[in-house]
Each structure stands twice: as structure tokens, then as C-alpha cells.
Amino acid sequence: MKKTLITAAVALLGSSAALADEPIILKVAHFWPPTAMSQQKVLEPWCAKIEQESAGRMKCQIYPAMQLGGTPPQLIQQVQDGVADIVWTLPGYTAGRYPSMEVFELPFMTNRAAPASRAAWHYYEQFGKEDFAKVKPLAFHVHDEGYVHNNKHPITKLSDFRGLKMRAPTRLTNKMIAAFGATPVAMPLPAVAEAVSKGVVDGYVLPWEVIPAVKLHEMTKYHSETDKSQPSLYTALFIVAMNPAKYDSLPDDLKKVIDANSGADFSASIGKAWDVSAPPAREKAVERGNEFAMISADELAKWRKVTDKLATSWVKEMDGKGYQGQAMLDTAKALIQKYNAQ
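Presented here is an overview of the structure given in this document. Given the structure is predicted, the values throughout are model-derived calculations rather than measurements.

### Here's the deal with helix α9 (residues 252–260)
Turning to α9, its buried residues number three or more, namely L254, K255, V257 and I258. Down the axis, α9 shows its buried residues gathered within 155 degrees of arc, on one side only. Turned more than 90 degrees off the buried face of α9, the exposed positions are D252, K256 and A260. At its buried positions, α9 is contacted by β1 (24–30), α2 (37–53), β2 (58–63), β4 (136–142), β10 (237–242) and α8 (244–249).

### So, the packing of helix α4 (residues 113–128) against helix α12 (residues 325–340)
Helix packing for two helices is described by the angle between their axes and how far apart those axes are. At a minimum axis distance of 8 Å, the contact between α4 and α12 shows a crossing angle of 140 degrees. Regarding α4 and α12, the two cross each other, and that crossing is right-handed. Packed against α4, whose contacting residues are P115, A116, R118, A119, H122, Y123, Q126 and F127, the element α12 presents A327, M328, T331, A332, L335, I336, Y339 and N340 at the interface. For the contact of α4 with α12, the per-class residue count stands at eleven nonpolar, four polar and one charged.

### Here we look at the packing of aromatic side chains
Scanning the entire structure with this criterion turns up 19 aromatic pairs. Geometrically, the ring pair formed by Y123 and F127 is tilted, given 5.1 Å between the ring centres and 40 degrees between the ring planes. Of the two residues, Y123 and F127 are both situated in helix α4; the distance of four residues between them amounts to about one turn of the helix. When sorted by exposure, Y123 lands in the same class as F127, which is buried. An aromatic cluster of at least three residues, connected via ring pairs, comprises F31, W32, W88, Y93, F238 and W274. Seen from the ring of Y247, K136 lies directly overhead, with NZ or CZ sitting 4.2 Å from the centre.

Here is what the cut-offs are and how they apply
Residues numbered from 1 in each chain as written. Predicted model: local features only at pLDDT ≥ 70, side-chain atom pairs only at ≥ 80, totals over all residues. Heavy atoms only, no water. Buried < 20%, exposed > 50% of the residue type's maximum accessible area, 1.4 Å probe, protein only. Helix = DSSP H or I, 4+ residues; strand = E, 2+ residues; numbered from the N terminus. Arc of directions from axis to C-beta. Contact = heavy atoms within 4.5 Å. Axes fitted to C-alpha atoms, helices over the stretch in contact; angles between N-to-C directions. Left-handed = near helix turned anticlockwise from the far one by under 90°. Nonpolar A, V, L, I, M, F, W, Y, C, P; charged D, E, K, R; others polar. Phe/Tyr/Trp six-rings, centres within 6.5 Å; stacked < 30°, edge-to-face > 60°. Lys NZ or Arg CZ within 6 Å of the ring centre and 35° of its normal.

Below is the structure:
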């Protein structure tokens, strides 16, 4: 009997040791296709880095294209509930749920994604923590310049928007489209290609990198870019977020690995990846012979007069919800200017 008990105890200890040696697998979910820059140039290197710095004790299992189920707007809830350990998504897909960070989606706010993304993280530390208390943010970032793309005609002036149905990603971008005279149609990225191919929408606003990733360059005729001397027409804000309980379950040394690979630097590095992604993606549309138009600085000045009203309206809306609307807008602009200058 003693021999049997000893044998069982040894086996149990061996089993426990084997389990202790098993790496912690982090389920990482997003809506991009696996070939997209966001997975290949950001998530995969990030996962490799935390695996290396944890000596193989943490590894990622990436689930692209909503492979864990659900829809893109549900990703933020999935990480909150622990369906995924880490997600990459747009808070703006759930309109009005995270209003504090919306300021980065107002028109003509940014020039380059890297400094604006660093600004977004520092802004979050001042104004966004309450909104995101149920998740653990690892990064906030914006994409590079967003442009206008459609199948009806070149867009070079405000009146060209009239009668068009245009897809936009977030609440404020939809308001911008409506202010320009088009009919906004809200939908997440994975639905855009089908909507364009079936004529549900006439066009959309997107940065260049995304377009070939979902083959939109193959079904779009006209691309309208903005004068480079002007701020971006629009951008969208993204979050990389972790389930708090999963983070809390990690040993202290592994928490330090996560902490060392999150925050302002990680946010800025994602923005930089977007900044350098545009030229090769744009070339795909050039190769197909698509038509390009440039919206002049003088014309954009007219557009800015229209969108300035959106900023004023947003400040009042935030004030009405108990936020510090003007302080939030002023801080976002000051942080963007600060990091643009560096």
C-alpha cells in the first residue's frame, strides 16, 4: 500500500511539474484578415517579443477574422468577458460606449499616426481610464491619413458628396460624412467589400493599407486624397486591450513583460507601422489603373469650416455627459502638436 501511495504521489508531482512547465497561451482576437499588416507587422512581432522575454512561458494563439465567433463590435465585450485574452478593435464600433477617446476621431486632428498614437495613450491616462476600467488597455493608436474612395465620380469638392451613400467606421466619421452632404452608412470593415460589390454603398472612407487587404482596390474606381500640407481628413481610434483577470492571474515577472510591451511606446510603434504602410498599398490601386484626384488645400479650408461645427457640438455633448469637453479637445490637440514636433 505504501509503495502504491508513493508511486501515485510521484506521478502526481510529475504531472504537476509538467503542467507548470506548460506555457501560458494568450488568445488574441481581431477582425483583420491574417494577411493584413496589423497581424503580420504588429501582432506577430509583439507576440514573438513577449514569448522571447518570458523565456517561452507566454505564447500567443492568434485568431484573425473573428475566428472566435461574434462580430467586430463584440470584440471589446469578448475581452471583458474573457472569451479572448487580448483583442484589437475600435472602441467606436460600439457607438457612445467609450466617449472619452472619441476626440481623436474628429476631422482634421492628426498628421501622422505615430505621434498621434503616442498622444492618444497619454490622453487616455488623463481622461480615459474610467471609460476603460473593465479592460486593461495595452495600446491606443490611430491609423494614418484616411481618404475618400467611391465608384460614382471623382470627389474634389463638397458638392461631389451629394447623393452618395458612403460607409464610415465610427459615430463621428458618420457625422462628418453627413455634414459633407452624403448619406452615411455605418458598418465594420469586414462588411465593406460586400457592400461595395453589391452597390449597398457608393463608396467609403479608409486609409490605404486596409484597401488591398480586403481587395477593395479591385472594385473601386476613384480615390480622392487630401493635400499633404493639411491635417488628415479623418482617422479612427483603435485599442489593444487585455482581459484584466487574465493579467491578474500572471506571475509578477510575466506581468512585467506585458507592462514593458504596452503603453506609449507600443502605441506609437503601431502608429508608425500604419504610417509606412500607405505607399505599397496605394501602389496596388495605381497598378490597376484606378483614377486619383487631389483635394486642394483651398478646398479643404471650406471642408474644415463645416467640420469645426462637429468639434463644437462634441464638446457640448461631452459636457452634457459630465466630461470636461473643452479640456479634452484642447489636451488632445496639444498632445498631438507636442509629439508631432519631436
